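The residues making up each chain are set out below.
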Amino acid sequence: MAEKTRSEHSEPLSPTGPQQVIEYGDYRAVLTVVGAGLRGLSHRGRPLIVKYRSEQMPPGGAGQLLVPWPNRVRDGKYAFDGREQQLDISEPATHNASHGFVRWLPWRVMAEDTASVRFGLRLYPMHGYPHILELTASYTLGEDGLSVEVAARNVGPTAAPYGIGAHPYLTLGRGPGSLDEAVLELPADTWIPVDERLIPTGRESVEGTDYDFRKARAIGATPLDTAFTGLHRDRDGRAAVRLTSGDGARGVELWVGEEIGWLQVYSGDGLTGPYRRAGIAVEPMSCPPNAFATGEDVIRLEPGDRIAHHWGIRAL
């Protein structure tokens, strides 16, 4: 029988629900039942992601899963199979539908042991999304850090549009404002300019721009809230983003599987207090911003279809 993981907090009740703690070797992670999110990840006590307190809502969407679409849908409007749909406007400031539904929903723990936990959620029809999905989110710690699988099966009677994202903030653990001194390596050839509502207006080469981090360099004061694609991959199909200190003494890497073709990178300039530019959100996305409206890289899940996406984080 699998050994049950320890609960980090029992009282007071957290807005992100019960907290699941998993450990392996020098790694430790804290997961939340609400949203099946990643609240903390450390290696030998050093934080690899920006962690927030258990009594808080996730600042800036920290650690949340973004399903069944990542990023934004302009005005919440899209068409699928000839039917016009209207999603709820969840980002009033830009009048967009943002980051899907599941980050605010309670998942259930389906399986767990000391080094892993798998959450499950049946997503029933929501405003503008008349479909039924069976979702799982699996977090596993091992010698190479944290591995994550997010999977969906269409258990409804109609084909469904689908995409995923995740929202971890990589950090070197040096506090607010420390991002300016960090070094970023981001293997992407293309960046996506946006309008004042953060909706794409085209695509551009990173060559000769402030968005070219293909060779590791200091972030400095550069503000980022930018989608990237054209990812460079290794022989296994993985792409990796690295955040390191200037002296190379510490670092953290986020990798994505070949099924993830987009990264949203956010430097946290809009956050406040201890979270402002304390880390950088590197968000795996299967499709770009406004994808439900444009159709770009949106997955069509026929009834019975299953799809899985993979990403992970490790210490350097």
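Described in the following lines is the structure provided in the data block. All figures in this text were calculated on a predicted structure; none of them were measured in a lab.

1. Focus on unusual backbone geometry
Next up, step 1: Residue Pro68 is bonded to the preceding Val67 through a cis peptide linkage, with omega at 10°.
Next up, step 2: Tracing the backbone shows Pro68 in the loop between β6 (65-66) and β7 (72-74).
Next up, step 3: The backbone of Ala36 shows a phi angle near 50°, a positive value even though the residue is not glycine.
Next up, step 4: On the basis of relative accessible area, Ala36 is assigned to the buried category, the value being 0%.
Next up, step 5: With a phi close to 65°, His99 is a non-glycine residue in the positive phi region.
Next up, step 6: Relative to the assigned elements, His99 resides in the loop between β10 (96-98) and β11 (108-113).
Next up, step 7: Overall, the relative accessible area of 9% leaves His99 in the buried class.

2. Topic: the layout of surface pockets
Next up, step 1: Its boundaries defined by the atoms lining it, the largest pocket holds a volume of some 320 Å³.
Next up, step 2: Gly60, Arg72, Glu91, His99 and His167 are, among the 20 residues lining the largest pocket, the residues nearest its centre.
Next up, step 3: The residue makeup of the lining of the largest pocket, split by class, is five nonpolar, ten polar and five charged.
Next up, step 4: Approximately 210 Å³ is the volume attributed to the second largest pocket.
Next up, step 5: Lining the second largest pocket are 15 residues, with Pro47, Ile49, Val50, Lys51 and Thr171 sitting closest to its centre.
Next up, step 6: At the level of elements, β3 (27-32) and β4 (37-43) are the ones that each hand at least two residues to the lining of the second largest pocket.

Cut-offs and rules
- The written sequence of each chain sets the order in which its residues are numbered from 1.
- Per-residue local features of the predicted model are confined to residues with pLDDT of at least 70, and side-chain atom pairs are confined, for both listing and counting, to 80 or more; whole-chain, interface and lining totals are unaffected and use all residues.
- The side-chain values count all of the structure's non-hydrogen atoms but skip hydrogen atoms and water molecules.
- Put simply, DSSP H or I for four residues or longer makes a helix, DSSP E for two residues or longer makes a strand, and each gets a number counted from the N terminus.
- Partly exposed describes any residue whose relative accessible area lies between the buried limit of under 20% and the exposed limit of over 50%, with all areas from a 1.4 Å probe on protein chains only and scaled to the type maximum.
- Of the grid points, spaced at 1 Å and generated over the protein atoms alone, those admitting a 1.4 Å probe that cannot get out make up cavities, while open sets with protein on both sides within 12 Å along at least five of seven lines make up pockets; any residue with an atom within 4 Å of a point is treated as lining.
- Grid points are joined across faces, edges and corners, and a volume is the space filled by probe spheres set on the points.
- Charged residues are taken to be Asp, Glu, Lys and Arg, nonpolar residues to be Ala, Val, Leu, Ile, Met, Phe, Trp, Tyr, Cys and Pro, and polar residues to be all remaining types, Gly included.

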